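Each chain, letter by letter, is given below.
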Amino acid sequence: MDQATFIEKYATNRQHTNSLKWDALDERYGNPDLIAMWVADMEFKVPEAVTTALTNRIAHGIYGYSYTPDSYYQAFFNWEQQRHQLHLEKDWIRFGTGVVNSLYALVNTYTRPGDAVLILTPVYYPFFDAVKDNHRQLVTSELYNDQGHYTIDFDDVERQIKAHEVRLFIQCSPHNPVGRIWTEAEETRLLALCEQYGVLVVSDEIHQDLEIDPQNHPFRSALTVADRRFEDNVIVVNAPSKTFNMATLLNSHVIIPNSKLRQQYDAYMTRVNQTETNVLGQTAGQAAYTDGAEWLDHILAIVRSNYQYLKTTLAEKAPKIVVAELQGTYLTWLDIRPYVKPEYTREFIIDKCGLAVDFGEWFSANDQGFVRLNLATDPKYVHQAVANITTCLAQLTQND
Ligand SMILES: Cc1ncc(COP(=O)(O)O)c(C=O)c1O
């Protein structure tokens, strides 16, 4: 199927479907008519095999208590093994109703109020909430930004760990919003530092499959780096939901290879969580892992071409905007400060450009003037968004 046919078949208008991204624009941004480029979900229907599996399950008409079949584990494990050389075992897996929910549980399991938890900023904002809402001490280390290429400031990470006696590190891999996939060398150095200082690592790998240039920037799970050397000090959270656009089917994984850590997690969860797994989420997940690879290839090709279009058009028409290198995720991170005063960003983007985006200050107090745009969408929206930005910038410069 060529790209145009895929878009024709799968791209969908989401207005009037209770979509947070499209139908909450008035409430969130004060204008219902913006182009929605925020929230990380897509304007594409799930793979046809997922719709078929769900339709068949729904036709059965019964949603009584169920359990996770071996076929689910098999489909999930094959996917991880084939795409990421990640070997998993059934014992290690716990199910969750969303990765963010699990981050909260993991913070509560492995730290106490007042303990220090480290995150690398700018980062997906619920990381801040998971620490602060649970009354833990938030410790941040700012990534180093070299013209849109972000790297880890290892000296600062070590300083922060020592100064605050950090207990837990929540890592984002691939990193939302800066688009990095950490190299084996970076990941090894980071995990070695954590091991050295007794810092437990929770690795949020929900974007694992969204590799933009896998030849040059392959994703590696924190569980596999350095020949699995850090496996006993790492917990991975992931899900089929970001890859296959099914966030509200509420099915995610917590992967804990170390048995002692697993016991601690189970002991905590026994007290706070007695929910069942979600039968529709698992039906969809199994079908996606089994038959979704080709659909994902199409999605990645669209994200790649949307990114190329945005990057080359901005380079031509607004060359001072810094577009972060996109290695992983479908989210592009732009620094528009060379043209727009940081405090004027919201007004410029919402009122002038007609766009709903994620704003930089949501990801780091220092990043007002950055915006994050979602590229897992119909190219027509990306073209319109880029046109609006370049036209409005031209008007700004004329008025200067
Ligand atoms: C890094 C990261 N973690 C978690 C989530 C959300 O996961 P969930 O919907 O399973 O809570 C997102 C969504 O964009 C994300 O970017």
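These numbers come from a predicted model, not from an experiment.

### A word on the overall build of the protein
Move 1: Scanning the protein for helices and strands turns up 16 helices and 15 strands.
Move 2: Taking 400 residues into account, the globule formula puts the C-alpha radius of gyration at 21 Å, and the protein, at 21 Å, falls close to it.
Move 3: Along the first, second and third principal axes, the C-alpha atoms of the protein reach 65 × 60 × 40 Å.
Move 4: Split by element, the accessible area of the protein, about 17400 Å² in all, is 47% carbon and sulfur.
Move 5: In the protein, the 34 positive side-chain charges and the 51 negative ones have mean positions that sit 2 Å from each other.

### Digging into the domain arrangement of the protein
Move 1: Segmenting the protein into domains produces domain 1 (3–47 + 293–399) and domain 2 (51–291).
Move 2: Between the C-alpha centres of domain 1 and domain 2 there is a distance of 25 Å.
Move 3: For the pair domain 1 and domain 2, the two sides together bury roughly 3000 Å², of which 55% comes from carbon and sulfur.
Move 4: Its largest share of buried area at the contact with domain 2, domain 1 owes to Q327, T329 and F363, together 23% of the area lost on that side.
Move 5: For the interface between domain 1 and domain 2, the tally reads 0 salt bridges.

### Examining the site of the ligand
Move 1: In the vicinity of the ligand, the residues found are A40, G98, V99, V100, Y124, C172, N176, D204, I206, H207 and K242.
Move 2: Residue N176 places a side-chain N or O atom 2.8 Å away from an oxygen atom belonging to the ligand.
Move 3: Interatomic distance of 2.7 Å between a side-chain N/O atom of H207 and an oxygen atom of the ligand.
Move 4: In the complex, the protein chains occlude 88% of the 400 Å² of accessible area that the ligand would expose alone.
Move 5: By residue class, the composition of the shell around the ligand is 6 nonpolar, 3 polar and 2 charged.

### Remarks on the state of the cysteines
Move 1: Throughout the structure, instances matching the rule amount to 0 disulfides.
Move 2: No disulfide involves C172; its sulfur sits 15 Å from the nearest other cysteine sulfur, which is in C194.
Move 3: Judged by relative accessible area, C194 falls into the buried class, the value being 0%.

### Description of the sheet that holds strand β14 (residues 358–359)
Move 1: Strand order in the open sheet formed by 4 strands is β11-β12-β15-β14, and the pairing between neighbours is antiparallel. The open sheet has two free edges, formed respectively by β11 (322–323) and β14, since each of these has just one partner strand.
Move 2: Pairing of β11 with strand β12 (residues 331–335), which is carried by 2 bridges, proceeds in the antiparallel orientation. The residue bridging V322 from the neighbouring strand is D335, located in β12.

### Some points on the UniProt feature "domain: Aminotransferase class I/classII large" (unreviewed entry) in the protein
Move 1: Feature annotation in UniProt assigns "domain: Aminotransferase class I/classII large" (unreviewed entry) to the following positions: residues 70–389.
Move 2: For the annotated span residues 70–389, helix accounts for 43% and strand for 18% of the residues, and the straight-line distance between the end C-alpha atoms is 50 Å.

### Points about the pattern of salt bridges
Move 1: Here the structure, examined in full by the defined rule, presents 15 salt bridges.
Move 2: Taken together, the salt bridges that share partners define one network made up of R14, K21, D41 and E43.

### Notes on the sheet that holds strand β9 (residues 234–238)
Move 1: An order of β2-β10-β9-β8-β7-β3-β4 is seen for the 7 strands of this open sheet, with the pairing classed as mixed. Each edge of the open sheet is held by one strand with a lone partner, namely β2 (93–96) and β4 (137–142). Taking each pair of neighbouring strands and ignoring which way they run, the sheet shows an average axis angle of 25°.
Move 2: Pairing of strand β3 (residues 116–121) with β4 involves 6 bridges; the strand directions are parallel. In the strand pairing of β4, T121 is matched with E142.
Move 3: Lying over the sheet, helix α6 (residues 99–110) contacts β2, β7 (166–172), β8 (200–204), β9 and β10 (252–255), oriented at roughly 160° with respect to β9.

### Here we look at the pairing of β3
Move 1: Of all 6 residues in β3, 6 are buried, a share of seventy percent or more.
Move 2: Handedness of the β3-helix α7 (residues 126–132)-β4 crossover: right-handed.
Move 3: Summarising the sheet, β3 and β7 pair through 3 bridges and their orientation is parallel. Note on β7: the bridge partner recorded for A116 is V166.

### Concerning the packing of helix α8 (residues 154–164) against helix α9 (residues 184–196)
Move 1: With their axes 11 Å apart at the nearest point, α8 and α9 run at an angle of 15° to one another. Relative to α9, the element α8 lies roughly parallel. Of the two elements, α8 crosses α9, and the hand of that crossing is right-handed. In contact with F154, D155, V157 and E158 of α8, α9 contributes E186, R189, L190, L193 and Q196.

### Quick word on the packing of aromatic side chains
Move 1: On inspection of all chains with the given rule, the structure shows 23 aromatic pairs.
Move 2: Between Y72 and Y289, the aromatic rings sit 6.4 Å apart at their centres with planes inclined by 70°, giving edge-to-face as the arrangement. Placement of Y72 in helix α5 (residues 70–84) and of Y289 in helix α13 (residues 279–291) is noted, with a sequence separation of 217 residues between them. In this structure, Y72 and Y289 share a single accessibility class: buried.
Move 3: Their ring planes at 85° and their centres at 6.3 Å tell us that F244 and Y289 sit as a pair that is edge-to-face. Here Y289 lies in helix α13 and F244 lies in helix α11 (residues 241–244), a separation of 45 residues in the sequence.
Move 4: With relative accessibility at 0%, the residue F244 sits in the buried group.
Move 5: Pairwise contacts between aromatic rings join Y72, Y73, F76, F77, W79, F95, F244, Y289 and W295 into one cluster.

Rules and cut-offs
- Residues numbered from 1 in each chain as written.
- Predicted model: local features only at pLDDT ≥ 70, side-chain atom pairs only at ≥ 80, totals over all residues.
- Heavy atoms only, no water.
- Helix = DSSP H or I, 4+ residues; strand = E, 2+ residues; numbered from the N terminus.
- Rg over C-alpha atoms; globule rule 2.2 N^0.38 Å.
- Areas by Shrake-Rupley, 256 points an atom, 1.4 Å probe, with all protein chains shown as cover.
- Lys, Arg positive; Asp, Glu negative; His and termini not counted.
- Charge placed at Lys NZ, Arg CZ, Asp CG, Glu CD.
- Domains from an automatic or database assignment.
- Buried area = accessible area lost by both parts, 1.4 Å probe.
- Salt bridge = Lys/Arg side-chain N within 4 Å of Asp/Glu carboxyl O.
- Near = heavy atom within 4 Å.
- Polar contact = N/O pair within 3.5 Å; in protein donor to acceptor, adjacent residues only side chain to side chain.
- Nonpolar A, V, L, I, M, F, W, Y, C, P; charged D, E, K, R; others polar.
- Disulfide = S-S within 2.5 Å.
- Buried < 20%, exposed > 50% of the residue type's maximum accessible area, 1.4 Å probe, protein only.
- Pairing = 2+ DSSP bridges.
- UniProt positions renumbered as here; feature names shortened; annotations may be inferred.
- Axes fitted to C-alpha atoms, helices over the stretch in contact; angles between N-to-C directions.
- Contact = heavy atoms within 4.5 Å.
- Right-handed = clockwise from strand over helix to strand, strands pointing away.
- Parallel < 35°, antiparallel > 145°, perpendicular 65-115°, else oblique.
- Left-handed = near helix turned anticlockwise from the far one by under 90°.
- Phe/Tyr/Trp six-rings, centres within 6.5 Å; stacked < 30°, edge-to-face > 60°.

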